[in-house]
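Residue strings, one per chain:
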Amino acid sequence: MKPAGRALAVWAALLLLLAATAGSAFLPLGPWNAVVNLTIAVAKAGLVAVFFMHLRDARGLVRLAGAVAVFLLVILFGLGAADYLNRRVYPAPWQLPTTLDHRSQ
């Protein structure tokens, strides 16, 4: 395939993924909405990295730099998720406790 045809095919795929991202906002997927959108985002980033950044045809050191960047991104997401999952929620002093039921006392 010619480079111009390949670029048009990747562009069309990116537009389809963009439409899928916009369409998923209207679907009631609950917590799976984030999973679907992150999967679409990874696919879009992969297309951009492989075709527009030419990582497929790059030398080993450039590929290694791309792999290290992805690895560090995974570590950062993992640390952020660990912080979020282990965080306690303390209500502000000016908030009323809405979960207390005064009738049960």
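Heads up: the structure comes first, above all this text.
Conventions adopted
Residues numbered from 1 in each chain as written. Predicted model: local features only at pLDDT ≥ 70, side-chain atom pairs only at ≥ 80, totals over all residues. Heavy atoms only, no water. Axes fitted to C-alpha atoms, helices over the stretch in contact; angles between N-to-C directions. Helix = DSSP H or I, 4+ residues; strand = E, 2+ residues; numbered from the N terminus. Parallel < 35°, antiparallel > 145°, perpendicular 65-115°, else oblique. Left-handed = near helix turned anticlockwise from the far one by under 90°. Contact = heavy atoms within 4.5 Å. Nonpolar A, V, L, I, M, F, W, Y, C, P; charged D, E, K, R; others polar. Expected span 1.5 Å × (residues − 1). Buried < 20%, exposed > 50% of the residue type's maximum accessible area, 1.4 Å probe, protein only. Core = buried A, V, L, I, M, F, W, Y, C linked by side-chain atoms within 4.5 Å.

Peer 1: So what exactly am I meant to see when it comes to the packing of helix α1 (residues 3-24) against helix α2 (residues 32-52) here?
Peer 2: Working note: a packed helix pair is described by the angle between its axes plus the distance between those axes. At their nearest, the axes of α1 and α2 sit 10 Å apart, and the two run at 165° to each other. The angle between α1 and α2 falls in the class roughly antiparallel. Judged by the sense of rotation from one axis to the other, the crossing of α1 with α2 is left-handed. Of the residues in α2, those touching α1 at Arg6, Ala7, Val10, Ala13, Leu14, Leu17, Leu18, Ala20, Thr21 and Ser24 are Asn33, Val36, Asn37, Ile40, Ala43, Lys44, Leu47, Val48, Phe51 and Phe52. Split into classes, the residues belonging to the contact of α1 with α2 amount to 14 nonpolar, four polar and two charged.

Peer 1: I tried to follow α2 on my own but got confused; where do I start?
Peer 2: Note on helix geometry: an α-helix contains 3.6 residues per turn, so any two residues three or four positions apart are oriented the same way. Compared with an ideal rise of 1.5 Å per residue, which puts 21 residues at 30 Å, α2 spans 29 Å between its outermost C-alpha atoms and is within 8% of the ideal. Considered for burial, the residues of α2 that qualify are Asn33, Ile40, Leu47 and Ala49. The secondary structure elements touched by the buried residues of α2 are α1. Following α2 by one or two positions, His54 has its phi on the positive side, about 60°.

Peer 1: Sorry if this is basic, but what is going on with unusual backbone geometry here?
Peer 2: The bulk of non-glycine residues show a negative phi, and the bulk of peptide bonds are trans. Positive phi, close to 60°, is recorded for His54, a residue that is not glycine. Its location among the elements puts His54 in the loop between α2 and α3 (60-85).

Peer 1: Would you take a moment to explain the nonpolar core for this structure?
Peer 2: The nonpolar side chains of a soluble globular protein tend to be buried, and buried together. In this structure, Val10, Leu14, Leu17, Ile40 and Leu47 together form the largest nonpolar core, which totals five residues. Of all the secondary-structure elements, those providing two or more residues to this core are α1 and α2. When residues of this core are assigned to their parent elements, the largest contribution, three residues, is made by α1. Dropping the residues within four chain positions of it, Val10 is found in contact with Leu47, Phe51 and Phe52.

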